[in-house]
Amino acid sequence: MQLHTKIMIALVLGVLVGLGANLLELSWLVDFLVAIRQFGDAWIDLITMVVIPLVVASLIVGTASLGDITKVGRIGGKTMVYYLATTAIAVVIGLVLSNVLIRDSGMSEEALAGLRGTYLEQSQGQVAMAQEAPGLVEVLRGIIPRNPIAALANFEMLPILFFSVIFGAALSVLESAKRDPVLNFFEGVNGAATVMIHWIMKLAPYAVFALIGAVIAEFGADVLGSLLIYSLTVVLGLLIHASLTYGSALRFLAGLNPLAFLKRIRAVQLVAFSTSSSNATLPITIETAEEEIGISREVSSFVLPLGATINMDGTALYQAVATMFIAQVLVGDLTLATQFGIVLTATLASIGAAGVPSAGIIILIVVLQQALPASVDPAAGIALILGVDRILDMCRTTLNVTGDLTAAAVVARSEGETLILSSEPGAIEPAA
Ligand code: ASP
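First, a word on scope: everything that follows refers to the structure included in this document.

1. Comments concerning the overall build of the protein
Along the backbone of the protein there are 21 helices and zero strands. Per-residue burial over the protein gives 55% buried out of 432 residues. Taking as baseline every contact in the protein between residues at least 6 positions apart, the subset at least 24 positions apart corresponds to 83%. For the protein, the exposed area adds up to about 18,000 Å²; of that, 66% sits on carbon and sulfur atoms.

Have a look at this one:
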């Protein structure tokens, strides 16, 4: 059986058992479920353990290959600007929707107080904690780590991201005798971290059962309802980004009919949906770009692999909504300055997320660490949403690959290529 099927089954089982224990007031079962939450918490510690090596190595390797981008010059610049801009738009859509739809946690005061009591290291004065979050100037000043090692040790993500990007960029201008050993080292770290995620994910079904079962047994159906609102907010955001942002980019920048485009990339979307991995989908993405859209190999072989690694609009949007939702449950409203910080961290964090299943929720820790007050353990937030994460992963990965293909079409058109479906005279005829 495939892992995601197992996770789905674990989710449904956890919900049913938890709900049963709660509704029938079976105290022994509630106690049991609460006791096995330890396993779920341990699992979260495991994924947290991989965050720093993964983010640092993948960002350094990613930015170091931007050295080639400077060589490729024009195409590289356009691609990066497009990727960063669309990702930031995705985060803003996620934040706006969350402000409108996730006004409160959707839970009763009693359930909330219980959850906060369980999850907060210090549960008193939640409102004060939200206000304790730094203002905009501090957020910006705080990006520069005076001591990168201290930033690593203290899990200060924004400074770590900042340092890794600059370090990677600096690496790329070194002569290859000096650059390659360092790059190889970080490529190895990146690879090993990815293997670790793969191993840890094998335990995910048990963790999902333990975490969701305990939460629902203790707090009842309230939690379920609010998880539904959270999930729908993410999905709605993904749809809005696809239709508005990609729709306009395709129509106005690439001169293509968005619906016809979508129809042609359906296979890519289905593979992304079922594998939850932009990387695994990459070969099909490249083939589709060339065969179905008529994008040149020159553009597709550059824009698409880069996109699968760093362009994750779906992941960034989801991280914004998840952070807002978790904040509502654990601390209440977030200030505008903190939300601005989310735009920065979620954009950078999505670049740091590998195109593999569940990368997004691991890197979410980065965003939570930045947005929530220091007294809140980000793992608590992960525990809340882990149960529904797989299905959201499938949806956000679908948007991620759609974004990569849209970018390839936009860049190809801006390079004067004539694409299949192009409305201009001389367009290549669609393949039969
Ligand atoms: N699974 C996503 C991808 O490969 C990353 C994520 O977890 O959001 O694009």
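2. As for the packing of helix α12 (residues 221–253) against helix α21 (residues 389–414)
Between α12 and α21, the least distance of the axes is 10 Å, while the angle of their chain directions is 10°. Between α12 and α21, the angle is such that the two are roughly parallel. Residue-level contacts link Y230, S231, V234, V235, L238, H241, A242, Y246, A249, L250 and L253 of α12 to L392, C395, R396, L399, T402, G403, T406, A409, V410 and R413 of α21. Residues of the contact of α12 with α21, tallied by class, amount to 14 nonpolar, five polar and two charged.

3. Re the side chain of Q339
Along the chain, Q339 turns up in helix α18 (residues 336–352). A distance of 2.9 Å separates a polar atom in the side chain of Q339 from a polar atom in the side chain of N99. With residues near it in sequence (within four places) discarded, Q339 still touches L95, N99, M324 and L334.

4. Some points on the pattern of salt bridges
In this structure the tally under the stated criterion is five salt bridges. Between R396 and D389 there is a salt bridge; the shortest N-O distance is 3.3 Å. Judged by its relative accessible area of 3%, D389 is buried. What you see here is one network of salt bridges that share partners, running through D389, D393 and R396.

5. Points about the side chain of Q328
With respect to the helices and strands, Q328 occurs in helix α17 (residues 313–330). Overall, the relative accessible area of 10% leaves Q328 in the buried class. A distance of 2.7 Å separates polar atoms of two side chains, one belonging to Q328 and the other to D333.

6. Structural notes on the packing of aromatic side chains
Aromatic ring pairs: the centre-centre distance and the angle between the two ring planes describe each pair. One pass over the structure, following the stated rule, counts five aromatic pairs. For the pair F167 and F186, a centre-to-centre distance of 6.2 Å together with 75° between the ring planes defines the contact as edge-to-face. In this pair, F167 sits in helix α9 (residues 157–172) while F186 sits in helix α10 (residues 176–202), placing the two residues 19 residues apart along the sequence. Judged by relative accessible area, which is 29%, F167 ranks as partly exposed. Aromatic ring contacts, followed pair by pair, group F163, F167, F185 and F186 into a single cluster. The ring of Y318 is capped by R396, whose NZ or CZ atom sits 3.9 Å from the centre of that ring.

7. Quick notes on the site of the ligand
Lining the immediate surroundings of the ligand are 16 residues, of which S278, T315, G360, D393 and R396 lie closest. One of the backbone N or O atoms of G360 is found 2.6 Å from an oxygen atom in the ligand. One of the side-chain nitrogen or oxygen atoms of D393 is found 2.8 Å away from a nitrogen atom of the ligand. Relative to its unbound accessible surface of 270 Å², the ligand loses 100% to contact with the protein. Mapped by element, the contributors of at least two residues to the shell around the ligand are α19 (359–371) and α21. In the shell around the ligand, the residues fall into five nonpolar, nine polar and two charged.

8. Regarding the nonpolar core
In this structure, Y230, I342, L364 and I385 are the most contacted members of the largest nonpolar core, which totals 130 residues. Here the element with the most residues in this core is helix α2 (residues 27–64); it accounts for 14 residues. Once you skip the residues sitting within four places of it in the chain, Y230 turns out to touch I102, Y318, V321, A322, F325, I385, V388 and L392. Ranked by size, the runner-up nonpolar core spans five residues in total, among them A21, L29, L33 and A217.

9. A short note on unusual backbone geometry
We note that E25 has phi near 50°; this positive angle belongs to a residue other than glycine. Looking at where E25 falls in the secondary structure, it is placed in the loop between α1 (3–23) and α2. Accessibility expressed as a relative area gives 68% for E25, which makes it exposed.

10. Section: a nonpolar patch on the surface
Judged by side-chain polarity, V92, V96, V100, L101 and L236 come together as a nonpolar surface patch covering roughly 390 Å² of accessible area. For the nonpolar patch, the leading source of residues is helix α4 (residues 74–101), giving four residues. Relative to the helices and strands, L236 resides in helix α12.

11. Observations regarding the environment of A10
Residue placement: A10 occurs in helix α1. Its relative accessible area of 8% is what places A10 among the buried residues. Remark: the alpha-carbon pair of A10 and A204, spanning 194 residues in sequence, is separated by 8.9 Å. Not counting chain neighbours up to four residues away, the residues in contact with A10 comprise P205, V208 and F209.

12. Quick look at the environment of R141
Along the chain, R141 turns up in helix α7 (residues 136–141). On the basis of relative accessibility, which here comes to 58%, the residue R141 falls in the exposed class. R141 sits 18 residues away from P159 along the chain, and the two C-alpha atoms are 9.7 Å apart.

13. Concerning helix α15 (residues 278–293)
If you check α15, its first and last C-alpha atoms are just 19 Å apart, much less than what 16 residues at 1.5 Å a residue would give, namely 22 Å. The largest bend in α15 is about 35°, located at I284. Where α15 is concerned, the buried positions are S278, T281, L282, T285, I286, T288, A289, E290 and I293. Summarising the contacts, the buried residues of α15 are in contact with α13 (258–264), α14 (266–275), α16 (297–310) and α21. The positive-phi residue at the C-terminal boundary of α15 is G294, with phi of around 85°.

Rules used throughout
- Residues numbered from 1 in each chain as written.
- Predicted model: local features only at pLDDT ≥ 70, side-chain atom pairs only at ≥ 80, totals over all residues.
- Heavy atoms only, no water.
- Helix = DSSP H or I, 4+ residues; strand = E, 2+ residues; numbered from the N terminus.
- Buried < 20%, exposed > 50% of the residue type's maximum accessible area, 1.4 Å probe, protein only.
- Contact = heavy atoms within 4.5 Å.
- Areas by Shrake-Rupley, 256 points an atom, 1.4 Å probe, with all protein chains shown as cover.
- Axes fitted to C-alpha atoms, helices over the stretch in contact; angles between N-to-C directions.
- Parallel < 35°, antiparallel > 145°, perpendicular 65-115°, else oblique.
- Nonpolar A, V, L, I, M, F, W, Y, C, P; charged D, E, K, R; others polar.
- Polar contact = N/O pair within 3.5 Å; in protein donor to acceptor, adjacent residues only side chain to side chain.
- Salt bridge = Lys/Arg side-chain N within 4 Å of Asp/Glu carboxyl O.
- Phe/Tyr/Trp six-rings, centres within 6.5 Å; stacked < 30°, edge-to-face > 60°.
- Lys NZ or Arg CZ within 6 Å of the ring centre and 35° of its normal.
- Near = heavy atom within 4 Å.
- Core = buried A, V, L, I, M, F, W, Y, C linked by side-chain atoms within 4.5 Å.
- Patch = residues over 30% accessible without salt bridge, like charges linked within 9 Å, V, L, I, M, F, W, Y side chains within 5 Å.
- Expected span 1.5 Å × (residues − 1).
- Bend = angle between axes of the 7 residues up to and from the residue.

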